[in-house]
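Each chain, letter by letter, is given below.
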Amino acid sequence: MIHNFDTSEENAATAAFLVYVVYRSRDHKRFKITPGLWDQIERAVKSVAKRAEDLPEFIEKLKPKLACSSIKPKWAKTVPDGMPDMMSDGMGGLIELANDDRRQFLTGVLRRANNRDVLDVLYNKTAYVILLVRERLERERPYEVRFEVKD
């Protein structure tokens, strides 16, 4: 598990995390959940990844497509408050980590990421990235009452 996504690929986890943060930060009134939601998100991610020069540009161009006016720090945490942070122990098991209360702003994730490699994953493995995001959202569903607060 990297960034709380069910993968051991750093670039895929980073790609999924960027999509996750923009999706979670969206304006829920302007970008509602519909039957074609994930089709629309997948097309937007592929289109933006194809044209972006780096990850900050990817975020900047994806935000309007998902009706996200600004990134909300609570979603930029690798693990939302109230959700256990799990990490692989290297032997097939999981370890729960402490989850502190500091706000995060994606800067650390962006600093460590290889822009070209993550953009390649976003463009060439878009469906996989979306599946990682959807799996995490599904896993978080039982915890949503704890961290879904009026913004």
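Residues numbered from 1 in each chain as written. Predicted model: local features only at pLDDT ≥ 70, side-chain atom pairs only at ≥ 80, totals over all residues. Heavy atoms only, no water.

Caption draft 1: Looking closely at the side chain of Arg26. On the secondary structure map, Arg26 appears in the loop between helix H1 (10-24) and helix H2 (37-51). On the accessibility criterion, Arg26 (4% relative accessible area) is buried. In this structure the side chain of Arg26 is engaged in a polar contact, spanning 3.0 Å, whose partner is the backbone oxygen of Tyr23. A distance of 3.1 Å separates a polar atom in the side chain of Arg26 from the backbone oxygen of Phe31. With residues up to four places along the chain from it excluded, the contact list for Arg26 reads Phe31, Ile33, Leu66, Ala67, Cys68 and Lys72. (Helix = DSSP H or I, 4+ residues; strand = E, 2+ residues; numbered from the N terminus. Buried < 20%, exposed > 50% of the residue type's maximum accessible area, 1.4 Å probe, protein only. Polar contact = N/O pair within 3.5 Å; in protein donor to acceptor, adjacent residues only side chain to side chain. Contact = heavy atoms within 4.5 Å.)

Caption draft 2: Highlighting a positive patch on the surface. Residues Lys46, Lys50, Arg51 and Lys65 make up a contiguous surface patch of positive charge. A total of three residues in the positive patch trace back to one element, the largest contributor, which is H2. Note that Lys46 resides in helix H2. Residue classification places Lys46 among the partly exposed residues on the basis of a relative accessible area of 33%. (Patch = residues over 30% accessible without salt bridge, like charges linked within 9 Å, V, L, I, M, F, W, Y side chains within 5 Å. Areas by Shrake-Rupley, 256 points an atom, 1.4 Å probe, with all protein chains shown as cover. Salt bridge = Lys/Arg side-chain N within 4 Å of Asp/Glu carboxyl O. Lys, Arg positive; Asp, Glu negative; His and termini not counted. Charge placed at Lys NZ, Arg CZ, Asp CG, Glu CD.)

Caption draft 3: Spotlight on the packing of aromatic side chains. Taken as a whole and assessed by the stated rule, the structure comprises four aromatic pairs. Arranged with centres 5.9 Å apart and planes meeting at 85 degrees, the rings of Phe5 and Tyr20 form a pair that is edge-to-face. With Phe5 in the segment before H1 and Tyr20 in helix H1, this pair connects stretches of sequence that are 15 residues apart. With respect to burial, Phe5 and Tyr20 carry one shared label: buried. (Phe/Tyr/Trp six-rings, centres within 6.5 Å; stacked < 30°, edge-to-face > 60°.)

Caption draft 4: Spatial organisation of the packing of H1 against helix H6 (residues 115-124). Relative to each other, H1 and H6 sit at 70 degrees, their axes nearing to 9 Å. It follows from the interaxial angle that H1 and H6 lie roughly perpendicular. Facing H1, whose interface residues are Asn11, Ala12, Thr14, Ala15, Leu18 and Val19, H6 presents Asp117, Val118, Val121 and Leu122. For the contact of H1 with H6, the class distribution of residues is seven nonpolar, two polar and one charged. (Axes fitted to C-alpha atoms, helices over the stretch in contact; angles between N-to-C directions. Parallel < 35°, antiparallel > 145°, perpendicular 65-115°, else oblique. Nonpolar A, V, L, I, M, F, W, Y, C, P; charged D, E, K, R; others polar.)

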